[in-house]
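Remarks on the overall topology
Spelled out from the first residue to the last, the chains are:
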Amino acid sequence: LPDLIGDNQDVQQILAFQLMDPLVENINAHQSNEVIPAILALLKGNVKMQKLFVETGHLSKLYRLIENRDENAIDLLILLFQSPDACSFRNLVQESGILNPILKNISNNKNFSRYITLLGYIIKGNAELTSSLSNGIDKLISLVIFSKDQQEQKSGLFFIDCNNL
């Protein structure tokens, strides 16, 4: 699918409307390395479809993949929350439940930089999400301060910056 779409936004739009729901329904039935790249191809650069993906409740379908540290799912979430329109759907994050496995993976993962970057994108500019994390912020900052890994430190600084917006 990514090769079929290429950079053609018209093809992307047509296929997105036809294939998004069936693909999402198969996220947990098949290997995510087959389904998520197709979803990424349909959403990349398509802010309207990114918003629709979140607003139709598809974030919750990623819960198990995030819990299992699926890199494709993390790529998808980063794409969604880097979107210029992400501020319009950040309010739907808590009901999706995806914060729990993200936070768990930060706490239980030695290579947590992608998860903390993702968390920064998710909370960026949203006071409600930021305050919901207030109990765990000290722990996250401690992880960053004591990390010897430059990427983890960079991700931590990005998260702190997003937390202060």
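The rules behind the values
Residues numbered from 1 in each chain as written. Predicted model: local features only at pLDDT ≥ 70, side-chain atom pairs only at ≥ 80, totals over all residues. Heavy atoms only, no water. Salt bridge = Lys/Arg side-chain N within 4 Å of Asp/Glu carboxyl O. Helix = DSSP H or I, 4+ residues; strand = E, 2+ residues; numbered from the N terminus. Buried < 20%, exposed > 50% of the residue type's maximum accessible area, 1.4 Å probe, protein only. Phe/Tyr/Trp six-rings, centres within 6.5 Å; stacked < 30°, edge-to-face > 60°. Core = buried A, V, L, I, M, F, W, Y, C linked by side-chain atoms within 4.5 Å. Contact = heavy atoms within 4.5 Å. pLDDT = per-residue confidence, 0-100. Axes fitted to C-alpha atoms, helices over the stretch in contact; angles between N-to-C directions. Parallel < 35°, antiparallel > 145°, perpendicular 65-115°, else oblique. Left-handed = near helix turned anticlockwise from the far one by under 90°. Nonpolar A, V, L, I, M, F, W, Y, C, P; charged D, E, K, R; others polar. Arc of directions from axis to C-beta. Lys, Arg positive; Asp, Glu negative; His and termini not counted. Polar contact = N/O pair within 3.5 Å; in protein donor to acceptor, adjacent residues only side chain to side chain.

What follows covers the pattern of salt bridges. In this structure the tally under the stated criterion is four salt bridges. Salt-bridge contacts for D75 lead to R114; the nearest nitrogen and oxygen are separated by 2.2 Å. Of this pair, D75 sits in helix α6 (residues 71-82) while R114 sits in helix α9 (residues 113-123); the two residues are 39 residues apart in sequence, bridging distant segments of the chain. What makes D75 partly exposed here is its relative accessible area of 31%. Within the structure, one salt-bridge network assembled from shared partners comprises E71, D75 and R114.

Applying the stated rule across the entire model yields two aromatic pairs. Their ring planes at 70 degrees and their centres at 5.6 Å tell us that F81 and F89 sit as a pair that is edge-to-face. An identical accessibility class is assigned to F81 and F89; each is buried.

So, on to the nonpolar core. Formed by 51 residues in total, the largest nonpolar core has its most connected members in I39, F53, L62, L76 and F81. In terms of residues, this core owes the most to one element, α6, which gives eight residues. In this structure I39 touches M20, L23, V24, I27, F53 and L76, once residues within four positions along its chain are discounted.

In this model, the chain carries a mean pLDDT of 84, and residues with pLDDT of at least 70 account for 90%. Within the chain, no element has a lower average pLDDT than helix α1 (residues 2-5), which sits at 63, and none a higher one than α6, at 94.

Moving on: the packing of helix α11 (residues 137-145) against helix α12 (residues 150-163). Viewed as axis vectors pointing N to C, α11 and α12 meet at an angle of 150 degrees, and their least axial separation amounts to 9 Å. With respect to α12, the axis of α11 lies roughly antiparallel. Read as a crossing pair, α11 and α12 show a hand that is left-handed. Between α11 and α12, the contacting residues are I137, L140, I141 and V144 on the first element and E152, Q153, G156, F159, I160 and N163 on the second. Looking at the contact of α11 with α12 residue by residue, the classes come out as six nonpolar, three polar and one charged.

Those residues of helix α4 (residues 47-55) lying buried are M49, Q50, F53 and V54. Along α4, the residues classed as buried sweep out an arc of 135 degrees about the axis, all on the same side. Of the residues trailing α4, G57 is marked for its positive phi of about 85 degrees.

On to the packing of α4 against α6. α6 packs onto α4 with a crossing angle of 115 degrees between their chain directions and a minimal axis gap of 10 Å. With respect to α6, the element α4 is oriented roughly perpendicular. Regarding α4 and α6, the two cross each other, and that crossing is left-handed. Residues Q50, F53 and V54 of α4 form the contact with α6, whose participating residues are L76, L79 and L80.

Turning next to the side chain of D70. Here D70 is to be found in the loop between α5 (63-67) and α6. No salt bridge is formed by the buried D70; the nearest opposite charge belongs to R64, separated by 7.6 Å. Among the polar contacts made by the side chain of D70, one reaches the main-chain amide nitrogen of A73 at a distance of 2.9 Å.

It is worth spelling out unusual backbone geometry at this point. Of note in the backbone geometry, R69 takes a positive phi value of approximately 60 degrees without being a glycine. On the basis of relative accessibility, which here comes to 38%, the residue R69 falls in the partly exposed class.

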